[in-house]
Structure formats: C-alpha cells, structure tokens
Amino acid sequence: MLTKFETKSNRVKGLSFHSKRPWILASLHSGVIQLWDYRMGTLIDRFDEHDGPVRGVHFHKSQPLFVSGGDDYKIKVWNYKLHRCLFSLLGHLDYIRTVQFHHEYPWIVSSSDDQTIRIWNWQSRTCISVLTGHNHYVMCASFHPKEDLVVSASLDQTVRVWDIGALRKKTVSPADDILRLSPMNTDLFGGVDAVVKYVLEGHDRGVNWAAFHPTLPLIVSGADDRQVKLWRMNDTKAWEVDTLRGHVNNVSCVMFHAKQDIIVSNSEDKSIRVWDVTKRTGIQTFRREHDRFWILAAHPEMNLLAAGHDSGMIVFKLERERPAFSVSNDTMFYAKDRFLRFYEFSTQRDIQVIPIRRPGSTSLNQGPRALSYSPTENAILLCSDVDGGSYELYIIPKDSFGRGDVAQEAKRGVGGSAVFVARNRFAVLDKSSNQVLVKNLKNEIIKKSALPIATDSIFYAGTGTLLCRAEDRVAIFDLQQRIVLGDLQTPLVKYIVWSNDMETVALLSKHTIVISTKRLVHRCTIHETIRVKSGAWDENGIFIYTTLNHIKYCLPNGDNGIIRTLDVPIYITKVSGNTIFCLDRDGKNKAIVIDATEYIFKLSLMRKRFDHVMNMIRSSQLVGQAMIAYLQQKGFPEVALHFVKDEKTRFNLALESGNIQTAVASAKEIDEKDYWYRLGVEALRQGNVGIVEYAYQRTKNFERLSFLYLITGNMDKLSKMLKIAEVKNDVMGQFHNALYLGDVCERVKILENAGHLPLAYLTASVHGLHDVAERLAAELGEHIPSLPEGKVPSLLMPPAPILGGGDWPLLNVSRGIFESGLDITGRGGADEEEEAGEGDWGEDLDMVDVENIENGDITTVLEDGEVPEENEEAGGWDLEDLELPPEENTPRDSSNARSSVFVAPTPGVPVIQIWIQRSSLAAEHAVAGNFDAAMRLLNRQLGIKNFAPLRPLFLDLHAGSHTYLRAFSSAPVISVAVERGWNESASPNVRGPPSLVFNFSQLEENLKAGYRATTAGKFTEALRLFLSILHTIPLIVVESRREVDEVKELIIIVKEYVLGLKIELKRRETRGDPVRQQELAAYFTHCNLQMPHLRLALLTAMTVCYKAKNLSTAANFARRLLETNPTNENHAKTARQVLQAAERNMTDAAQLNYDFRNPFVVCGATFVPIYRGQKDVSCPYCSSHFVPSHEGQLCNVCELSIVGADASGLLCSPSQVR
C-alpha cells in the first residue's frame, strides 16, 4: 500500500472522492463532514448541520453538490461553493446508512434502518420511489454504473437487486404512466416503478455491503459472517460464484477495483484485504494497530482508494504507476504492461522490443521499478521488488527491434538495486552486508566493495562511480579507488537526474529538489508543498520538473516558477527546446509544447546577456505583476518599466531606477500630492533643482519652496515668495521669507502689522532704525521693553550659498542598453531621447526639460486673481527666470558615437584594495581595515590566538593610514590614503605601500625606556613597556633583510626581560615561602639580561639565599657576581664577605630545585627549570619554553600565541616574500 494522505479525526463512516479536483469528503461519527484536499494535505471546509453521526456522503459527478445522510433521519443536499446546505429531504423514519447520486438522472438513492430504500429527485426535491421488501436494517444501496439497477444489502442476510427501468421510463415520459399511485399509496405499498429482480441468499449473518462490478455482470458482498461472496447474474437469474474467507471479524465494506481484476474489502478486524478475482485468493493484507475499518471509496477516474477507520482515514494506492524508463541520447527504453518498449524522440517512433516476465499476482507492486541501459552492449537491467528486491538482465539482439515477440530468458539475481557502472559491468546492492557486487554481463561477480554509508539504494554517477543513498544523506563513491568523492545531507532521495554534461545533478525527494555539482557541492534547494514527480535538464542548464499538478522550472541560482498546470501527473523523460517529452501513468508517450519565454528571459538576465533580453522584450508578451516584482527584486527596475502601463507602478519604478523624466510624466498623469512630494524628494537627492521646484509648486508647498530658494541662493524668487505670503495673508510665511532675505525693515513692518509692537520696537532699535524705533516708542508709551545690558547685538543674516543657482552638474554617459533599446521615458518622450545621451564625458549641466514647465515664474502657483500686480500668462511656467552662470551656456560637444551598450567610466581600484591585493603582511591588511585577513595571517605565521591586546593597535593602524580633507560645507569629507615613502617625483598612477604608525625606531626607544625602568626597580612599568614591544612587533614592517634579523633579535631580548620580570614579580608576591623565593631569585639570574641588570639580579639572589642560610648557593651567586667585575665597590665587597663566610661552612639549610651546574631554561608558565635532555614545548612567536603539559594553552610570556602551535614564522618585510 502506498499511503498518499492520512487524517486524524473522529470515526469516519462515509467517504467520497471528487471526480475532477483532488478533494475527498469524510463524514464523521461526531456529525461533522470534512472536505479535504488530499494532494495538499489541508482541510478546505467543514459542514456541521447534522445532529448525530453522518453515515453516508457522496459528491455529484458534475454539479458543485454533495449529499449526506445521518442519524437525524435527514438527507441534506449541499453546495460546496456556497458553503451551505441547500435543502433537506425528509421521509425516512430511522437512521440513514448510505446516500448516492445517480450518474445521469437527478436522482439520489438512500438506504435506512427503517427497512426501506428511497429514490429522490433532487431537482423537484421529492421522493419518487420507495423500495420495500427487506425486513431488517438496509445497510447500503447503490445504483449500477450503466444499467437501470439498484443493489442493496440488509441485516436480513440478503442482497437484493432492484430493476428501476420503469422509473426511468416514467421520468423520461411521465404522461404515459397510467399506473401512477397517489403519494400515500406509494409510501405504504411501494410503487411499481421499482421491482425486485433477484434476492441473493447465502450469507449466514447480516450483510453490510454489496456493490456492482463497473463493467461485468458481477456483484460482491460482505457480511457479519466474516465472508466476502462473489455473485454472477444474467437476465433471468443470479447465483453465488465463490466465497473469499480470511477476515476474522465483520466485513464492513467491499468493492471491485475499477482498473484491475481485484476486490478490496475492509473489516472490523482492523485490516484491508486485496483479493484476486480470477484466482479468488487473497493477495495482500494491510493492518492497523487499533482502528477498525468502516468504509471504502474509490476515485472515479484515478487509481486511488480511501478507507475510513476509528480515528480518521487514509487515501492510498495499491500499486505505483510510474513507468520504469531509461533515456540515452535520442532514445528511450521503458517497460509497459509485459513488454519492454523502445521510443525515439526525433521521429516519435514507438515499438515493442521484447516480452518481459510478468510477476505472478501473489502480491502487488511487483512490476519493474527502475531500468538501467548500457547503449554499447544493448543490455537492459530491470529492478523490481520481487523476492524482497531483485533484478533481471536482458541482452537485446539487434534484430529483435520491431518484432517484440521473441521471449528470451533473463539472467536474474537478488539485490536492492542494480545499475550499469561501465560498458559491460553493473553494480548490485547487497543490503544485508552493505556492500556492492560488481558483475559482468554473464552475471558473474567480478569484485565486492564495502560501502561508506548505510546504503538502501544506489544510482549511476558516471563511469566507475555510484551515488549511494542513505535515509538522510547521499554520497558519491568511486568503485576503483574505494573512496568517497563527496557527500551531502538531503531528505530521502527518490530519484536522481543528471544534466547532459554530467556536471550537475538534481536529487528529487518527496517534497524537495536539491541541486548540486557532480561532487555533491550544494547549489540550491527548492521546497514544494505538492509532491515532486519527475524532472529533466534542458540544453541551457535549466531544470524542468513536474509536481502532481504543475510543470515548473528551476534556474541555476535557485529561482523557480510555474510553466503550466497539469490535469494528470506526467513523468518527464526529455526536454528539447520548448518541447517536453513525457510518459503518462498509462505508459503512453506524449510531447507537450511549452512557452519557455519566461525562464529563458530570467536566465538571460541572470547571465547578463542583455542583447537576448532586449530581443525578448521587443518580441514577446512578457507581462504580469510577478515579472515586474522579479525584475525589481533582481535590480532591473528600468527593464520592468517597459512592461508597465499602470501610472502608479511606472512612477515607483521610475523613482527606483532614478529615471526622473518618466517619474515627472507619471506624476502629471496621477496628479496626487503624495506623488509630487516623493518626486521632489528624489529630485532633490539627484540635485535636480528645477524639478524639485516644479514639484513644490504643484503641491503649493510654499515653506519648502522658500527654503529651496534660500539654499540655492535664488534671492529674486525669495522676494516673490514674500509677496505671495503677503497676498495669502500668511504672517508666519512673510516673517520667514523676510528672515531668509535678511530684510530688517520688512520684519519690523510685519511685526508692527501683526500687533507685536514690543518685538517690532526691539528689532528696530537693535538694528539701528532709530526713526522707526522712536515712532514705535511713542505708540508704546510707558510699555517700552528694556534692552538687556552688557550685551552686544550681532547681525542675523542668512548664510550665502557656496553654489548659487541651478541643478548639480551631471556626467553625460552614453545610454545603457535598456534605455537606448526601449522607449521607457513614456509617451511623447522620443524627442527628448534624441537629445539625451549625446556628447562626451563633458561637464554639461543636465537641465531636465519637462515640457517647458520647470524653473518657471513662481506666481502662477497662485489661484486666478490672487496676485493682481504680477503678470499672468496663459502658458503657465516659462523659463525666463532661470539665470544660469555663464559657463553653463557652453554648447554641447557633438558626438556621433552613440553606443547602444552602456559604457560607464571605469571606477579606479580603491587604494585599500591595491594594498592588500598581493600582500602577505598582516600590518598592511590591518591598515586597510581587513582585520579578518590580518588575524588569519598572524595566526598562520605566529600561531597568535589572543587578539585582545592587538585590537587598539589594529585600530591605530587603520586610522593612521588615511587623512581627511574638508572641501566645503555641502560636500562630503574626502579621504586620502597616506603612502609610505612618497615623494614628489613619484608617478601619480603608481600606488605605494601604506604608511604605518609603528616603526622600528619607536621600538628601540621603548626598549631603552624599559631598560631605564628596570634599572630604577620599576618592574611593573618595565614589564608594560617590554610587553608593548612584543605586541607591536607582529605589526611592524621593515624594508631590508638586515632589519628583519634585527627585529627577530629584538624579540629574543624582550622575551628574556618579560620572563625575568615576571619571575621577579612572582618572587615578591610569595612572601611566606622562603624556599620558593630563593628558587625564583636563582632563576632570574639565568635570564639573558644586560650586564647592569644581571649584576643586580645576582646581588638579589645572593642576599636572599644568604639570609635563608643557604650558604653554598649564595657563594655561587657571589662568585658569578665577582666575575662580572662590578663597578659598584660596595657590591664587590659584599660578595667577597659572603664568599668568606660560606667557605667556613659550605652547606645549604634547605634543598632547592636548582642545579647551576646543569644547563636549563625556565618554564614560562610554572617558573620551574627544564634541564637539558628533558622534553619541552615552545611558543611559536616569542620562543619561550614550557613544560609539555602546557601545550595548546596561551603563552604566558607574550600573551598572544598558543604554545606548541604550527606556524610559518614572522613575516615583517616585503623582502621576505620576494
């Protein structure tokens, strides 16, 4: 059983498939009727007007109707489009068991526990016949699919066949019916329109179900005696043919399969059984754990069945319908019925080749599942599920083509799957041992190979390689080298399709398609809600695939879409141009012609083949919201503009592509405030002042207009704005405009007119208008405001704009392929296009001319008669007021080189990119801000893992490599790269290496400062200075090899000091442990220090040991101190005294972990000696030594690298790379 869909619900008592749509009705014991889409797996609707269980339900064949019958004695007819019950048919006196529409007449047959069967006319909504005769509950009743018969089954242990021929005649010609009874008599005695033809007796218990065969004169019935009986009838009698035994509880439902000679039954014993009609034996049984089965339904057209049980229902198939096929170039072999057939795509020749063994019908699903073909040997492998998985090998003789009747014995074998892997070799999967057996054409094993993953199926993956499938992954396995060439996690793969060049593979699962390379490197994944059925590659590298109801495409980048819908599922075999060759479920070859324009267009866009795109735009009818959205999403709004007629969409696309001309034209058509506002914003962004002005004028946005004139320095128009505000009596607008103009008299006048006399007085007196101030003072009398004392007034004047006047200068470029190929400026844009796009890379001002309306006289914004003193022309906006600087009047360069291909000026390579292009120096990557690469280089070269100390250095390097110039206030700051070793004679086109804020001389200064701090005993400060040197060295760049050696030498010097100072600081912390103090003082003397510092270390160690009565050790330090010829006489004197005291008593009070005779190095973490011959690990950067247990930990000395890490070594000069 192949389960296609399953639901969880209350007990399902009735089921019905829709004849055309993928729908199924399920009526439940709870009184609800559910409408499911079994293809999508979704609940579409639920109907719950019945009171109590609904036991019968049925779809009408052609109308949007279904009928239901329930325990509330009602038959309801529903319209599923209107989502409601149309009417109820009343008449039955007990529970209704089944209902069914007649396939031709407007009739419904119903059976009931009131022991009657009723036939209703659903158009006139009346009962037209009552069939009485059963003397117990009637469990089911149904019409014959072709003849005028009804079959019914009852708990009175009989099956009755009724003849309703008279009823049909009466319906066709009701006037001829003389014997019509009154409705009352019909109800009591039953009409004469339906008579019992046969009564079939044979069951020992009540019969639950009876059904006609769709074509033959057979009836099947199932009863509470656990038997399924087969009956045959002729014109005069009916008799029992056979009994099928096997169920162990009441048989609930039984039916003939429409397309195969089988009977399907289900039962309260929780099983569905399949029986062979001819042999009358059981073929297969499907069981459920806990659910009894109650009902079966068959799809009227497709090979689908459904069964209802205690906790839901299942939709299933008994056998898979996908034909096994294999395509090789222009030919295909496929299995159909009991023959192997051959099909040629070019000629569409379809011939029978050889008969193949038909599996015995002992069970289902035994036909060929997969087919593999070797063209050179003309050999075919057929795989099937016989014997748990087996294969048959046929060698097709050349002369048998077209005859197809010569049976030949196949070579057989057992195996999960079998495929050809070479010309005369095939691989067979042995699941039990998880290995592949490679065999020759004589079916002899050549070799065995164990598989790398738990494989349940194998596929061909090129000569000598297999694609192995596990539950959650696939792997490519090379049979020769026995290695895995690639693997990929996927859902369970059902089929694989290789591209023609074997470079790409599509892995098809139930609901996903994964596309990957031949080494299983993932390219993209497509998820489908409906099951994926098949696929093939076309010659452009596009994958064409089918789901149950669509043909779809997938581009190499993962974009996919629908090509067309399907009525029935198909299996694609080959795609050639715009023809899809396929097999349907009956094994018939079909050629479907499709429209490939959409996906070829998208592919051309993706591959940037704009000439193809242009041709397709001109010649095809590509339209639709989906295409526009796609072009927008992919960054081609200017192309989308060509497809759009809707002005609002055109406006949005024009703004997105920066096409101001089209946007203005569309804004005029739309003429809504919001669109003008958005146009103004975009034009302002582009610096197109004329259009900004026009947009503000159209929306009468005077505040914005005034501000625009202010920032562009257009004082004349600002004066006009003042007059307009005066006419409109807009006091605030007047005041603002006067403020922008710096007109003090006007401001005083406005304040006076508005009644703000104190403010007017203050303004006049501060600005020195004394006569006006005196006049206002007289008016104010005693209320004169006082001026603040000790304050000096400063003149408030608007700033003068740096660039006065018009639009920003635009760079003239030759038009892009889409602008030149398409008239996308809209209607009437042809003349403008002739002018645009001419000229060289000049500095022309790109003045946009929108039908002579921008930059016009501001006053025309006003309504008629508002400004009587201004000249009003009927023409509206003219260009007289636009005052251009003289250089903008230069004529355009004429250029006849109008290329149809867009040629933008080539942007230079950013300096940062030049710096890092071929550099392996971490410092140069850090300078460029490429911190990730710098860190990777330092990790590879020096094993550095802790970058926290380097973070501020990285930031300093990056910040110090650029300087910044301010041009003027409205322009952005200009960033300038600072180069190392630049001089005036350098070529401007050759970029030098970046300048660095750290250099070697700084490190030498730090080293001297560290020495001074050490001498002064400031060990913490000294340690900080030495560590800063260690942290800076990785980011130093020097020029010569000699300097490289100096840097490496510096690392060793500084490392010794860092280690020594850490030891000394540790000694000072360990106050309570005199032995450890002496050891640390002793180790400090073995660090490679400068002579003054070594003497101080020896003096300290001698003093510590002498005080602790370790005279022998102290004498050793005294001797070493004297050998250094100390310059300080006191130190020498102390040493000699210690030697004398020790010679009298050469003993140590405590045993130290210190042997000065045996050479050693000190562990940088534990501060213990590592003597010669003992194992140690070292830091790849500072080369400090550590005990082996510290391998993999951070170095305690440099605090940067990982101890024992692999590293290539310090790289600090370009000379090392050359």
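As annotated in an unreviewed UniProt entry, the protein chain is Coatomer subunit alpha from Nepenthes gracilis. Quoted verbatim from the Subunit (unreviewed entry) field of UniProt, the annotation for the protein chain is "Oligomeric complex that consists of at least the alpha, beta, beta', gamma, delta, epsilon and zeta subunits."

Draft legend 1. Representation of the overall build of the protein chain. A tally of helices and strands in the protein chain yields 30 helices and 61 strands. Every one of the 1218 residues in the protein chain was classed for burial, and the buried ones make up 52%. Counted over contacts in the protein chain with a minimum sequence separation of 6, partners at least 24 positions apart contribute 49%. Here the protein chain displays about 58,200 Å² of accessible surface, and carbon together with sulfur accounts for 50% of that area.

Draft legend 2. Local environment of the sheet that holds strand E46 (residues 504–509). Strands sit in the order E45-E46-E47-E48 across an open sheet of 4 strands; the sheet is antiparallel. Strands with a single pairing partner mark the edges of an open sheet, and in this sheet they are strand E45 (493–498) and strand E48 (522–527). In this sheet, adjacent strand axes meet at a mean angle of 20° when their direction is disregarded. Sheet topology note: the E45/E46 ladder contains 5 bridges and is antiparallel. Paired with tyrosine 495 across the strands is leucine 508, a residue of E46.

Draft legend 3. Structural detail: the UniProt feature "repeat: WD" (unreviewed entry) in the protein chain. UniProt marks residues 47–88, 89–130, 131–164, 200–241 and 244–285 with the feature "repeat: WD" (unreviewed entry), using the numbering shown here. The span residues 131–164 is 0% helix and 59% strand, and its two end C-alpha atoms sit 10 Å from each other.

Draft legend 4. Structural view of helix H14 (residues 744–753). Inspection of H14 places Val744, Glu746, Arg747, Val748, Ile750 and Leu751 among the buried residues, and these make up the whole buried set. In this structure, the buried residues of H14 make contact with helix H12 (715–727), helix H13 (731–741), helix H15 (757–766) and helix H16 (770–780). Directly after H14, the chain includes glycine 755, whose backbone phi takes a positive value near 90°.

Draft legend 5. The side chain of serine 1184, seen in detail. As for its position among the elements, serine 1184 is in the loop between strand E60 (1177–1178) and strand E61 (1185–1186). On the accessibility criterion, serine 1184 (2% relative accessible area) is buried. In contact with serine 1184, other than residues within four places in its own chain, are Lys1055, Val1177, Ser1178, Cys1179 and Val1197.

Draft legend 6. Seen up close, the pattern of salt bridges. Considering all chains together, one arrives at 42 salt bridges under this definition. Between glutamate 377 and arginine 423 there is a salt bridge, and its shortest N-O distance comes to 2.4 Å. You can see glutamate 377 sitting in the loop between strand E33 (368–374) and strand E34 (379–384) and its partner arginine 423 sitting in the loop between strand E37 (418–422) and strand E38 (425–430), a full 46 residues away along the chain. Classification of glutamate 377 as partly exposed rests on a relative accessible area of 25%. According to the relative accessible area criterion, arginine 423 is partly exposed, its value standing at 47%. Through salt bridges with shared partners, a single ionic network connects Glu6, Lys8, Arg288 and Asp291.

Draft legend 7. Representation of the pairing of strand E42 (residues 465–469) in the model. By the criterion of burial, E42 is predominantly enclosed, with 5 of the 5 residues buried. Neither face of E42 is open: one carries Thr465, Leu467 and Arg469, the other Leu466 and Cys468, and all of them are buried. Where strand E41 (residues 457–460) hands over to E42, the hairpin turn is made up of 4 residues, of which glycine 462 adopts a positive phi near 105°. By the bridge criterion, 5 bridges tie E42 to strand E43 (residues 473–478) in an arrangement that is antiparallel. From the neighbouring strand, arginine 469 faces E43, where its bridge partner is valine 474.

Draft legend 8. Representation of the nonpolar core within the structure. Leu938, Phe1026, Ile1033, Ile1063, Tyr1181 and Phe1186 are the most contacted members of the largest nonpolar core, which totals 96 residues. Element by element, the count of residues in this core is highest for helix H25 (residues 1041–1069), at 10 residues. If we skip the residues at most four places from it in the chain, phenylalanine 1026 touches Leu1007, Gly1010, Tyr1011, Thr1014, Val1054, Tyr1057, Val1058 and Leu1061. Core analysis: the next-biggest nonpolar cluster, separate from the first, contains 64 residues, Ala536, Leu631, Phe651 and Ala683 among them.

Draft legend 9. Quick peek at the side chain of serine 1215. Within the secondary structure, serine 1215 is located in helix H30 (residues 1214–1217). Residue class for serine 1215 comes out buried when judged on its relative accessible area of 14%. A distance of 2.6 Å separates the side chain of serine 1215 from the side chain of serine 1213, its partner in a polar contact. If sequence neighbours within four positions are ignored, serine 1215 has contacts with Glu1039, Ser1040, Arg1041 and Val1044.

Draft legend 10. Broad picture of the packing of H13 against H14. Where H13 meets H14, the closest approach of the two axes is 9 Å, and the angle between their N-to-C directions is 160°. The angle between the axes of H13 and H14 places the two elements in the roughly antiparallel class. Two packed elements cross with a definite hand, and for H13 against H14 that hand is left-handed. Contacts between H13 and H14 involve Val731, Gln734, Phe735, Ala738 and Leu739 from the former and Glu746, Arg747, Ile750 and Leu751 from the latter. A per-class count over the contact of H13 with H14 returns 6 nonpolar, 1 polar and 2 charged.

Draft legend 11. Representation of the environment of glutamate 598 within the structure. Note on placement: glutamate 598 falls in helix H3 (residues 597–606). Spatially, the C-alpha atom of glutamate 598 lies 9.8 Å from that of tyrosine 553, the residues being 45 residues apart in sequence.

Draft legend 12. Highlighting the sheet that holds E41. Pairing in this open sheet of 4 strands is antiparallel, and the strands run E41-E42-E43-E44 from one edge to the other. Taken across any chain shown, the strands that pair with only one partner, and hence form the sheet edges, are E41 and strand E44 (483–489). Pairwise comparison of adjacent strand axes, ignoring direction, gives a mean angle of 25° for this sheet.

Draft legend 13. Geometry of unusual backbone geometry. Phi is positive for arginine 226, close to 70°, though the residue is something other than glycine. For arginine 226, the location among the structural elements is in the loop between strand E19 (218–223) and strand E20 (227–233). Not every positive phi belongs to a glycine, and asparagine 329 is a case in point at roughly 55°. Relative to the helices and strands, asparagine 329 resides in the loop between strand E29 (325–328) and strand E30 (331–336). Among the residues examined, asparagine 329 registers a relative accessible area of 67% and is labelled exposed.

About the thresholds
- Residues numbered from 1 in each chain as written.
- Predicted model: local features only at pLDDT ≥ 70, side-chain atom pairs only at ≥ 80, totals over all residues.
- Heavy atoms only, no water.
- UniProt positions renumbered as here; feature names shortened; annotations may be inferred.
- Helix = DSSP H or I, 4+ residues; strand = E, 2+ residues; numbered from the N terminus.
- Buried < 20%, exposed > 50% of the residue type's maximum accessible area, 1.4 Å probe, protein only.
- Contact = heavy atoms within 4.5 Å.
- Areas by Shrake-Rupley, 256 points an atom, 1.4 Å probe, with all protein chains shown as cover.
- Pairing = 2+ DSSP bridges.
- Axes fitted to C-alpha atoms, helices over the stretch in contact; angles between N-to-C directions.
- Salt bridge = Lys/Arg side-chain N within 4 Å of Asp/Glu carboxyl O.
- Core = buried A, V, L, I, M, F, W, Y, C linked by side-chain atoms within 4.5 Å.
- Polar contact = N/O pair within 3.5 Å; in protein donor to acceptor, adjacent residues only side chain to side chain.
- Parallel < 35°, antiparallel > 145°, perpendicular 65-115°, else oblique.
- Left-handed = near helix turned anticlockwise from the far one by under 90°.
- Nonpolar A, V, L, I, M, F, W, Y, C, P; charged D, E, K, R; others polar.

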